Protein chains: 2
Amino acid sequence: MAREQNPGGIDLLILQLLSEKEMYGYEMVTELAKRSQSVFRLKEGTLYPLLHRLEKEGAVSAYEEKVEGRVRRYYRITRRGRGKLREQREAWVRYAGAVNAVLCAAG
Amino acid sequence: MAREQNPGGIDLLILQLLSEKEMYGYEMVTELAKRSQSVFRLKEGTLYPLLHRLEKEGAVSAYEEKVEGRVRRYYRITRRGRGKLREQREAWVRYAGAVNAVLCAAG
DNA sequence: TACTATACATAGATTCTCTAGGCATGTCAA
DNA sequence: TTGACATGCCTAGAGAATCTATGTATAGTA
């Protein structure tokens, strides 16, 4: 099905944020909550494994920095990540359009 | 997260179809493909277990009918199913709006 | 001192959808 | 009459995505 690539999933959201600027995990959680008016309230148990996977896939790269006594792990999107973002954005548009077509076919 | 109820999942699509008229499984597969211009090409291995689950949940009811030598299992939506459809439609609108808010925040 | 916010992480479970099969009938062409 | 294809239902097992629950540690605040 069209659901194979999980359109509109968290990968898309994270890659979108990172396409705008470098961010660290905790920041992504708060930023997503803000932009979505709390529709997205990502759990850390969801986010961190996901970031590690994206890094392994080569879609993002990371570096650590000490800020205010805390070590933060900043992520930036790679060239490959931008390609993935483009694909996922297209998949989302296609998928959302198809759902709406089913919902609205009857008027 | 907002993904808890799997917004825009197959439950929503099936309940929408059944809210319009009674249908049998195979018919749903072809109808969804048609409406979505083949974005949705549901596998039987996905659909039938899902219908059985919806029946167990009381969201749909079923009866069998012999048509052209074949036994077809027709499904109709129940009152409870209509409630579920309403909820899932709202969840989808909320979710899709949130994704678009994240994608478009930067312009 | 205790609570909250910040900041990272892993383990295990659940849920959804998929792949890959099986069974049976009717129609049409070779 | 044999084979292919569409119709029509089904189950078992696997994979992927996300969740719950938990652990660690620092800084600020009541």
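My aim in this report is to walk through the structure given alongside it, one point at a time. Just so it is clear, the model here is predicted, and its values are computed rather than measured. (Residues numbered from 1 in each chain as written. Chains lettered and ligands numbered in written order. Predicted model: local features only at pLDDT ≥ 70, side-chain atom pairs only at ≥ 80, totals over all residues. Heavy atoms only, no water.)

### Here's the deal with the overall build of chain A
What counts here: Going along the chain from the N terminus, every DSSP run of H or I of four or more residues is numbered as a helix, and every run of E of two or more is numbered as a strand. The cut-offs for exposure are 20% and 50% of the maximum accessible area for each residue type, with area from a 1.4 Å probe on protein chains only; residues under the lower value are buried, those over the upper are exposed, and the others partly exposed. Note on contacts: a residue pair qualifies if any of its non-hydrogen atoms lie within 4.5 Å across the two residues.
Across its full length, chain A carries four helices and three strands. Of the regular secondary structure in chain A, the N- to C-terminal order runs α-β-α-α-β-β-α. Expressed as lengths along the three principal axes of its C-alpha atoms, the size of chain A is roughly 60 × 30 × 25 Å. Scored against the burial criterion, the 107 residues of chain A give a buried share of 50%. Counted over contacts in chain A with a minimum sequence separation of 6, partners at least 24 positions apart contribute 49%.

### Describing the interface of chain B and chain A
Stated formally: Note on terms: buried area is the combined drop in 1.4 Å-probe accessible area of two parts once they are placed together, counting the loss on both. The salt bridge criterion pairs a side-chain nitrogen of Lys or Arg with a carboxyl oxygen of Asp or Glu, the two atoms within 4 Å. A 3.5 Å cut-off defines polar contacts: any pair of N or O atoms within that distance qualifies, except that in protein one atom must be a possible hydrogen donor and the other a possible acceptor, and neighbouring residues in sequence count only when both atoms are side-chain atoms.
Each partner contributes to the interface: chain B provides 34 residues, whereas chain A provides 34 residues. The contact between chain B and chain A buries some 2800 Å² in all, and 71% of this surface belongs to carbon and sulfur atoms. For the interface between chain B and chain A, the tally reads zero salt bridges. For the pair chain B and chain A, the interface holds six residue pairs in polar contact (both at pLDDT 80 or more). Secondary-structure elements contributing two or more residues to the side of chain B that touches chain A are α1 (10-20), α2 (25-35) and α4 (79-104) of chain B.

### Notes on the packing of aromatic side chains
Defined as follows: Side-chain rings of Phe, Tyr and Trp, where Trp is taken by its six-membered ring, are said to pair if the distance between their centres is within 6.5 Å; with planes under 30 degrees apart they count as stacked, over 60 as edge-to-face, and otherwise as tilted.
Across all of its chains, the model carries nine aromatic pairs over all chains by this definition. Residues Trp-92 of chain A and Trp-92 of chain B carry aromatic rings whose centres are separated by 5.8 Å and whose planes lie at 50° to one another, so their mutual orientation is tilted. Here the residue Trp-92 of chain A occupies a position in helix α4 (residues 79-104), and Trp-92 of chain B occupies one in helix α4, the pair thus bridging two chains. Residue class for Trp-92 of chain A comes out buried when judged on its relative accessible area of 2%. An aromatic cluster of three or more residues is present, and its members are Phe-40, Trp-92 and Tyr-95 of chain A together with Phe-40, Trp-92 and Tyr-95 of chain B.

### Let's talk about unusual backbone geometry
With a phi close to 55°, Glu-68 of chain A is a non-glycine residue in the positive phi region. Relative to the assigned elements, Glu-68 of chain A resides in the loop between β2 (60-67) and β3 (70-77). In this structure, Gln-37 of chain B is a non-glycine residue whose phi angle is positive, near 50°. Tracing the sequence through the fold places Gln-37 of chain B in the loop between α2 and α3 (44-57).

### A look at the sheet that holds β2 of chain A
Operational definition: Note on pairing: DSSP must find at least two bridges between two strands before they are called paired.
Here three strands make up an open sheet; going across it, the order is β1-β3-β2 (chain A) and the pairing antiparallel. Of all the strands in the sheet, just β1 (23-24) and β2 of chain A have a single pairing partner and so form its edges.

### Description of the sheet that holds strand β2 (residues 60-67) of chain B
Residues and elements named next belong to chain B. Spatially, three strands are ordered β1-β3-β2 in an open sheet, and the strand pairing comes out antiparallel. Each end of this open sheet is capped by a strand with a single partner; those strands are β1 (23-24) and β2. Bridge count between β2 and strand β3 (residues 70-77): eight bridges; the pairing is antiparallel. Bridge assignment links Glu-65 to a residue of β3, and that residue is Arg-72.

### Here's the deal with the relation of the copies chain B and chain A
The relation between the two chain copies is a rotation about an axis coupled with a shift along that axis. What counts is decided by this rule: Least squares is the method for superposing the copies, and the C-alpha atoms it fits come from residues with pLDDT of at least 70 in both.
For these two chains of identical sequence, chain B goes onto chain A by a turn of 180° and a shift of 0.0 Å along the axis, with RMSD 0.1 Å. In the structure described here, the two chain copies are related by an operation that fits a two-fold rotation axis. For chain B, the minimum C-alpha distance to the rotation axis belongs to Ala-96 of chain B and amounts to 3.6 Å. With an isologous cut-off of 70% or more, the 100% of interface residues of chain B that recur at the interface of chain A puts this contact in the isologous class.

On their own, these measurements won't tell you what the molecule is for.
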